[in-house]
Amino acid sequence: MPTKTTLADAVSGSGDSSWQQSDSLLGKIKAVLDTPTTPPHFQAQLDSQATPFGASADQTVLLSALAAGHELLSSCRNGVCRTCICRLHSGRVTYRMDWPGLSAEEKAAGWFLPCVAYPASDLCISSID
Ligand code: FES
């Protein structure tokens, strides 16, 4: 029956003594590879809401806000319709698309699209409803 062979198993079982001297290094590499990674987690303050909500770097600001029970307007959820447009008062967001539906002037003025924006720091934002 085939068994799963890890890099450390393969190297430590090779019979090569130079590799066996590296067991502690291999153990460290294996520990790093086996350690689950979690994306950075930030806090976002929406309007005058008293309680900030959690915003994970691997989830859009819109989805984090909705998951926290905030009602942000949205429609297309792909950066085209601009229904979700909000103002970013402080903090940074990133986009995974080349250019979301905002002009350079709008971005410079602090407008952003939460449906396609990912937090890169704690945020202070306001909706326009
Ligand atoms: S919901 Fe359409 S641009 Fe955000």
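Predicted model only: the values in this text are computed from it and were never measured.

Parameters at a glance
- Residue numbers here run from 1 along each chain, matching the order of that chain's written sequence.
- Since the coordinates come from a predicted model, pLDDT governs what is reported: local features require at least 70, and pairs of side-chain atoms require 80 or more to be given and counted, while whole-chain, interface and lining totals use all residues.
- A run of H or I in DSSP counts as a helix once it spans at least four residues, and a run of E counts as a strand once it spans at least two, with each numbered from the N terminus.
- Here, residues touch in the contact sense if the C-beta positions derived from the backbone fall within 7 Å of one another.
- Strands were regarded as paired on the criterion that DSSP finds at least two bridges between them.
- One nonpolar core equals one set of buried Ala, Val, Leu, Ile, Met, Phe, Trp, Tyr and Cys residues connected by C-beta atoms within 7 Å.
- Three exposure classes are used, all based on how many other C-beta atoms lie within 10 Å of a residue's own C-beta (placed from the backbone): buried at 20 or more, exposed at 12 or fewer, and partly exposed between those limits.

Draft legend 1. View of the overall build of the protein. Scanning the protein for helices and strands turns up five helices and seven strands. Counting from the amino terminus, helix and strand elements in the protein follow one another as α-α-α-β-β-α-β-β-α-β-β-β. Looking at the protein alone, contacts between residues at least 24 apart form 54% of all its contacts between residues at least 6 apart.

Draft legend 2. Inspection of the pairing of strand β7 (residues 123-127) at higher detail. Two strands pair when backbone bridges link them, and strand β1 (residues 41-46) and β7 are joined in this way by three bridges, in the parallel orientation. Residue L46 lies in a different strand from β7, and its bridge partner there is I125. Of the pairings in the sheet, the one linking strand β3 (residues 86-90) to β7 comprises four bridges and is antiparallel in character. Its bridge partner being in β7, R87 is matched across the sheet by S126.

Draft legend 3. Fine view of the nonpolar core. Core analysis: the largest hydrophobic core is formed by 20 residues, its most contacted members being A44, V61, A117 and L123. Of all the secondary structure elements, the ones that give two or more residues to this core are β1, α4 (61-67), β3, β6 (117-119) and β7. Those residues in contact with A44 that sit more than four places away from it in its chain are P52, F53, A55, V61, S64, P119, L123 and I125.

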